[in-house]
Amino acid sequence: KLHPREIYGNVYKELLVKNHVKNAEVVTNQARNEFYEKIASCDVFVNFSSSAAIEAMILNKPVININIFQDITSFTKGSAASFELEKNDDITQCILDAKNADLNNARQKHLHYLIGPVDGKSHERVTDLITKLATKENKVDFISFQDSDQ
């Protein structure tokens, strides 16, 4: 999956053709529902440090982050929830490892850390928080640390 500002999409597509890769697709800008259908049907989600990796994890897909610059922080880096691939690593072996790994528990733990529970109830939590913040008895005072001695 390419970032919307990615400029090498055609190069990646040409490489797939040149190397006779038939079971991979370079996904460019498209409607969200189409994108989610592609994630749902993939075996492994490969990306360049995209927030879409979180969406793939929500759909319980193995994630491979390609770190070609060795300084990009991905949303899943440092967790046991995904695979990190450096520019000289063997992508074929990494894909096989990702397909065969059982990372479900690590994915769920990392998702909970990043975004909270994946239970379809985030709208309820946001509504409850707004209601609490809007009521006088539960008013939250925001503190500026610039004005304090801390």
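In this text, all values refer to a predicted model and were calculated from it rather than measured experimentally.

## So, the overall build of the protein chain
In terms of helices and strands, the protein chain carries six helices and three strands. Moving toward the C terminus, one meets the helices and strands of the protein chain in the order α-α-β-α-β-β-α-α-α. Among the 150 residues that make up the protein chain, the fraction classed as buried is 26%. In the protein chain, the share of contacts with a sequence separation of at least 24, taken over all contacts with a separation of at least 6, comes to 35%. For the protein chain, the accessible area works out to roughly 11,000 Å², and carbon and sulfur atoms hold 52% of it.

## Concerning the pattern of salt bridges
Here the structure, examined in full by the defined rule, presents three salt bridges. The closest approach of N and O atoms between Lys38 and Glu25, which form a salt bridge, is 3.1 Å. Linking Lys38 in helix H2 (residues 32-41) with Glu25 in the loop between helix H1 (9-18) and H2, this pair joins segments that are 13 residues apart in sequence. Overall, the relative accessible area of 28% leaves Lys38 in the partly exposed class. Arg32 is paired through a salt bridge with Glu55; the nearest N and O atoms lie 2.5 Å apart. Taken together, the residues span a long stretch of sequence, with Arg32 in helix H2 and Glu55 in helix H3 (residues 52-58) at a distance of 23 residues. The exposure class assigned to Arg32 is partly exposed, which follows from its relative accessible area of 42%.

## Describing the sheet that holds strand E3 (residues 83-86)
The strand order across the open sheet built from three strands is E1-E2-E3, with neighbouring strands paired in parallel fashion. Two strands close off the open sheet at either side, each with one partner strand: strand E1 (45-47) and E3. Recorded for the sheet is a direction-independent mean angle of 25° between the axes of neighbouring strands. Against the sheet, helix H4 (residues 91-100) contacts strand E2 (63-67) and E3, and its axis sits at roughly 180° relative to E3.

## Section: the layout of surface pockets
There is about 1,200 Å³ of room inside the largest pocket. In terms of lining, the largest pocket is formed by 28 residues, of which the most central are Leu16, Ala24, Glu25, Val46 and Ile95. Listing elements by their share of the lining of the largest pocket, those giving two or more residues are H1, H2, E1 and H4. For the lining of the largest pocket, the element with the highest residue contribution is H4, accounting for five residues. Across the lining of the largest pocket, the residue classes tally to 18 nonpolar, five polar and five charged.

## A short note on the pairing of E3
Residues Phe83 and Leu85 of E3 are buried on one face, while the alternating residues Glu84 and Glu86, pointing to the opposite face, are not. Pairing geometry for E2 and E3, over four bridges, is parallel. When the sheet's bridge partners are listed, Ile64 is paired in E3 with Phe83.

## What to know about the side chain of His110
Within the element layout of this structure, His110 appears in helix H5 (residues 104-115). For His110, a relative accessible area of 10% puts it in the buried group. If we ignore the near neighbours within four places in the chain, the residues touching His110 are Met57, Phe75, Thr76, Ser79 and Ala81.

Rules used in this analysis
- Numbers given for residues are sequential positions, taken from 1 along each chain in its written order.
- Given that the model is predicted, a residue must reach a pLDDT of at least 70 before its local features are reported, and side-chain atom pairs must reach 80 or more before they are shown or counted; all residues, however, enter totals for whole chains, interfaces and linings.
- As a convention, hydrogens and water are excluded, and side-chain values are obtained from all of the structure's heavy atoms.
- Numbered from the N terminus, helices here are DSSP runs of H or I no shorter than four residues, and strands are runs of E no shorter than two.
- Remark: exposure states derive from per-residue accessible area (1.4 Å probe, protein chains only) relative to the maximum for the residue type, with buried under 20%, exposed over 50%, and partly exposed in between.
- The contact criterion used is simple: two residues touch if any of their non-hydrogen atoms lie within 4.5 Å.
- The Shrake-Rupley method, run with a 1.4 Å probe sphere, supplies the accessible areas, and residue values consider only the shown protein chains as cover.
- By salt bridge we mean one thing: a side-chain nitrogen of Lys or Arg within 4 Å of a carboxyl oxygen of Asp or Glu.
- We call two strands paired when DSSP finds no fewer than two bridges between them.
- Helix axes are fitted only over the stretch in contact, all axes being lines through C-alpha atoms; the angle between N-to-C directions runs from 0 to 180 degrees.
- Cavity: a set of points on a 1 Å grid over the protein atoms alone where a 1.4 Å probe fits but cannot get out. Pocket: an open set with protein on both sides within 12 Å along at least five of seven lines, its lining residues, like those of a cavity, having an atom within 4 Å of a point.
- Grid points are joined across faces, edges and corners, and a volume is the space filled by probe spheres set on the points.
- Throughout, the ten residues Ala, Val, Leu, Ile, Met, Phe, Trp, Tyr, Cys and Pro are labelled nonpolar, Asp, Glu, Lys and Arg are labelled charged, and all others, Gly among them, are labelled polar.

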